[in-house]
Amino acid sequence: MAEKLATLSFSDGTPSIDFPVLTGSVGPDVIDVRALYAKTGKFTYDPGFMSTASCRSNITYIDGDQGILQYRGYPIEQIAEDCSFLEVAYLIMNGELPNQKQLGEFVDIVTHHTMVHEQLMRFYSGFRRDAHPMAVLCGVVGALSAFYHDSINIHDARSREISAFRLIAKLPTITAMTYKYTTGQPFMYPKNALSYVDNFLYMMFGTPCEEYKPNPTLSRAMDRILILHADHEQNASTSTVRLAGSTGANPFACISAGIASLWGPAHGGANEAVLKMLAEIEDAKNIPAFIKRVKDKDGHAMLMGFGHRVYKNYDPRAKIIQKTCHEVLEELDLKDDKLFKLAMALEKVALEDEYFVKRKLYPNVDFYSGIVYKALGIPVAMFTAIFALARTVGWIAQWNELISDPDQKIGRPRQLFTGAARREFVPMAKRK
Ligand code: CMC
């Protein structure tokens, strides 16, 4: 088939130029503008990457108009129903679903990397007890490169693999320690007999004084939430990881950068912001006034947990979380949970309101996840930290893909300069 081309023409007499059009396996074609500057001396302008593909990737595919999310080709609905989180981690990292033996080996390696260097524990005491968990997480994960020097040669595939296992295995331990530190309870060592999720919940909620009994429904809910957050193609935090990785920075530093990027309320911090918003609305009778404030853009009020850069339809993850939310509240006999009812009432009002309909604003993954976390006993400030724990799988897979990509170059955007052009320096004595 003849190469597809896109022709760029100019109104100032500059001759028109052809660019190759690249076709992926699914999704929109992409115009390859890499030669644009060399051929024309011009750049493209695309703040917020509204129309820019920053890389090739074969990990996660989203069709935002249809509300489709697939990991390595598998629909999220099927994966969330049938897989465990570590099975999904294997898939995301290796490209194929594991067979029983492969999964067994993978789980075994992760399980045997869950402990952290004993000295890392002392790192925590440098933080205030009331520090935000994401602040602690950025610091502690960044510090891993100071503890695991032996695996930071990014050009060595085996080193990259060891770092990946260390990150996936230690994030639950580090996250749970972050929580324990805020409560003043002792850190809990991981227990290798437990599953990945049960181990995390044990390290969060267990104490040395009592036996911890996992609840299968709650463990399954947490597992599913981790699956839903495992990867989401080139979002802000993943792009941050890739940008940091493009400089040759070590994986622990790159993931720490990703955690910092995830923290913002427009991204992973939205789950925390949703609960704060629901607490502020307090009662269904206050929904109309709140919606009015949002529509009037009064004081930057936003309906948190709604809207998405890519999804212009229901976020498929939100549907699954809503179902999980029902299951968890049922199990805990919280069917009449006030926050859940309020969230559903708010969702209904927004979905019928012209402002949201016109802008194609639908609930995203964060709208219901906070209610599940809260029901599981997880404090609001920890919500985004758990998102980071899950997303570490996606970040590390995307980082690995970047390092192995022959097209990979240091990420270095250009700019449209609008500041002062060259002018002569004015000595202090001559300044007015
Ligand atoms: N509430 C009220 N108005 C909104 C919202 C919202 N949640 N989201 C978008 N809009 C409006 C926005 O003001 C704009 O209106 P107008 O055309 O009048 O200027 C229009 O919708 C288009 O929005 P945008 O800001 O151009 O959209 P974006 O793609 O740049 O932003 C977003 C996407 C997710 C940052 C934004 O929808 C948002 O801030 N939502 C709330 C925060 C949130 O829930 N974030 C979690 C995203 S999903 C998990 C994740 O990826 O981390």
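As a starting point, this report considers the structure included with it. Everything numeric here is computed off the predicted structure, so don't read it as measured data.

**Focus: the overall build of the protein**
Thinking step 1. From N to C terminus, the protein includes 18 helices and six strands.
Thinking step 2. Dimensions along the principal axes, computed over C-alpha positions, put the protein at roughly 80 × 70 × 60 Å.
Thinking step 3. The proportion of buried residues among the 432 residues of the protein is 46%.
Thinking step 4. Once local pairs closer than 6 in sequence are excluded, the contacts in the protein between residues at least 24 apart make up 69%.
Thinking step 5. Carbon and sulfur atoms make up 55% of the accessible area of the protein, which amounts to about 22300 Å² in all.
Thinking step 6. Between the averaged position of the 48 positive side-chain charges in the protein and that of its 48 negative side-chain charges there is a distance of 9 Å.

**Quick notes on the pairing of strand β5 (residues 68–71)**
Thinking step 1. Only one face of β5 is covered, namely the one carrying Leu69 and Tyr71; the face carrying Ile68 and Gln70 has none of its residues buried.
Thinking step 2. Relative to β5, strand β4 (residues 60–63) runs antiparallel, the two being bridged by four bridges. Bridging from a neighbouring strand, Ile62 pairs with Leu69 of β5.
Thinking step 3. The hairpin turn running from β4 into β5, its antiparallel successor, is four residues long, and Gly67 in that turn takes a positive phi close to 70 degrees.
Thinking step 4. When β5 meets strand β6 (residues 74–75), the two strands line up antiparallel, connected through two bridges. Each residue of the ladder has a partner; that of Tyr71, found in β6, is Tyr74.
Thinking step 5. Between the antiparallel neighbours β5 and β6 lie two residues, among them Arg72 with a positive phi of about 50 degrees.

**A few points about the environment of Val197**
Thinking step 1. Inspection of the secondary structure puts Val197 in helix α8 (residues 196–205).
Thinking step 2. The buried category is assigned to Val197, whose relative accessible area is 5%.
Thinking step 3. Residues in contact with Val197, not counting those within four places in the same chain, are Ser219, Met222, Asp223 and Leu226.

**Topic: the packing of helix α12 (residues 270–281) against helix α17 (residues 366–375)**
Thinking step 1. Between α12 and α17, the least distance of the axes is 8 Å, while the angle of their chain directions is 80 degrees. With respect to α17, the element α12 is oriented roughly perpendicular. Facing α12, whose interface residues are Ala270, Asn271, Val274, Leu275, Met277 and Leu278, α17 presents Asp366, Phe367, Ser369, Gly370, Ile371, Tyr373 and Lys374.
Thinking step 2. Within the contact of α12 with α17, the residues separate by chemical class into eight nonpolar, three polar and two charged.

**Here we look at the sheet that holds β6**
Thinking step 1. Reading across from one edge, β4-β5-β6 is the order of the three strands in this open sheet, with antiparallel pairing throughout. Across the chains shown, the open sheet's two edge strands, defined by having one partner strand only, are β4 and β6.

**Describing the sheet that holds strand β2 (residues 17–22)**
Thinking step 1. Here three strands make up an open sheet; going across it, the order is β1-β2-β3 and the pairing antiparallel. At either margin of the open sheet sits one strand with a lone partner, and together these are β1 (5–8) and β3 (30–31).
Thinking step 2. Relative to β2, β1 runs antiparallel, the two sharing four bridges. Pairing of Leu8 across the sheet is with Ile17, part of β2.

**What about the pattern of salt bridges?**
Thinking step 1. Overall, the coordinates contain 22 salt bridges when judged by the stated rule.
Thinking step 2. Two residues, Asp407 and Arg56, come together in a salt bridge whose shortest N-O distance is 3.4 Å. Placement of the pair is Asp407 in the segment after α18 (383–403) and Arg56 in the loop between α1 (36–40) and β4, with a sequence separation of 351 residues.
Thinking step 3. One salt bridge connects Glu424 with Arg422, and the closest N-O pair in it is separated by 2.4 Å.

**Concerning helix α10 (residues 236–245)**
Thinking step 1. Burial in α10 covers these residues: Ser237, Thr238, Val241, Arg242 and Gly245. When α10 is viewed along its axis, its buried side chains cluster within an angular range of 145 degrees and face the same direction.

**A word on the side chain of Arg166**
Thinking step 1. As for its placement among the helices and strands, Arg166 is situated in helix α7 (residues 157–183).
Thinking step 2. Residue classification places Arg166 among the buried residues on the basis of a relative accessible area of 11%.
Thinking step 3. If near-sequence neighbours (up to four positions away) are discounted, Arg166 is found in contact with His113, Tyr148, Asp150 and Ser151.

**A few points about the packing of aromatic side chains**
Thinking step 1. By the definition in use, this model includes 17 aromatic pairs.
Thinking step 2. For the ring pair Phe106 and Phe165, a centre distance of 5.3 Å and an interplane angle of 55 degrees mean the geometry is tilted. Of this pair, Phe106 sits in helix α4 (residues 100–111) while Phe165 sits in helix α7, and the two are 59 residues apart along the sequence.
Thinking step 3. The class of Phe165 is buried, set by a relative accessible area of 7%.
Thinking step 4. Both rings, one in Phe306 and one in Phe367, keep their centres 5.3 Å apart while their planes meet at 80 degrees; by these two values the pair is edge-to-face. Highlighted residues: Phe306 in the loop between α13 (287–295) and α14 (316–331) and Phe367 in helix α17, separated in sequence by 61 residues. One exposure class covers both Phe306 and Phe367, and it is buried.
Thinking step 5. Pairwise contacts between aromatic rings join Phe306, Phe340, Tyr355, Phe356, Phe367 and Tyr368 into one cluster.
Thinking step 6. Arg359 extends its terminal NZ or CZ atom over the ring of Tyr355, reaching a point 3.8 Å from the ring centre.
Thinking step 7. Between the NZ or CZ atom of Arg414 and the centre of the ring of Tyr37, over which it lies, the distance is 5.6 Å.

**Thoughts on the site of the ligand**
Thinking step 1. Close contacts around the ligand come from 22 residues, with His267, Lys297, Leu303, Gly305 and Arg309 the closest.
Thinking step 2. Contacts to the ligand include Gly305, whose backbone N or O atom sits 2.8 Å from an oxygen atom.
Thinking step 3. At 2.9 Å, a side-chain N or O of Asn364 approaches an oxygen atom of the ligand.
Thinking step 4. In the complex, 73% of the free accessible area of the ligand, which totals 940 Å², lies under the protein chains.
Thinking step 5. Its residues placed into classes, the shell around the ligand shows 12 nonpolar, six polar and four charged.

Calculation notes
Residues numbered from 1 in each chain as written. Predicted model: local features only at pLDDT ≥ 70, side-chain atom pairs only at ≥ 80, totals over all residues. Heavy atoms only, no water. Helix = DSSP H or I, 4+ residues; strand = E, 2+ residues; numbered from the N terminus. Buried < 20%, exposed > 50% of the residue type's maximum accessible area, 1.4 Å probe, protein only. Contact = heavy atoms within 4.5 Å. Areas by Shrake-Rupley, 256 points an atom, 1.4 Å probe, with all protein chains shown as cover. Lys, Arg positive; Asp, Glu negative; His and termini not counted. Charge placed at Lys NZ, Arg CZ, Asp CG, Glu CD. Pairing = 2+ DSSP bridges. Axes fitted to C-alpha atoms, helices over the stretch in contact; angles between N-to-C directions. Parallel < 35°, antiparallel > 145°, perpendicular 65-115°, else oblique. Nonpolar A, V, L, I, M, F, W, Y, C, P; charged D, E, K, R; others polar. Salt bridge = Lys/Arg side-chain N within 4 Å of Asp/Glu carboxyl O. Arc of directions from axis to C-beta. Phe/Tyr/Trp six-rings, centres within 6.5 Å; stacked < 30°, edge-to-face > 60°. Lys NZ or Arg CZ within 6 Å of the ring centre and 35° of its normal. Near = heavy atom within 4 Å. Polar contact = N/O pair within 3.5 Å; in protein donor to acceptor, adjacent residues only side chain to side chain.

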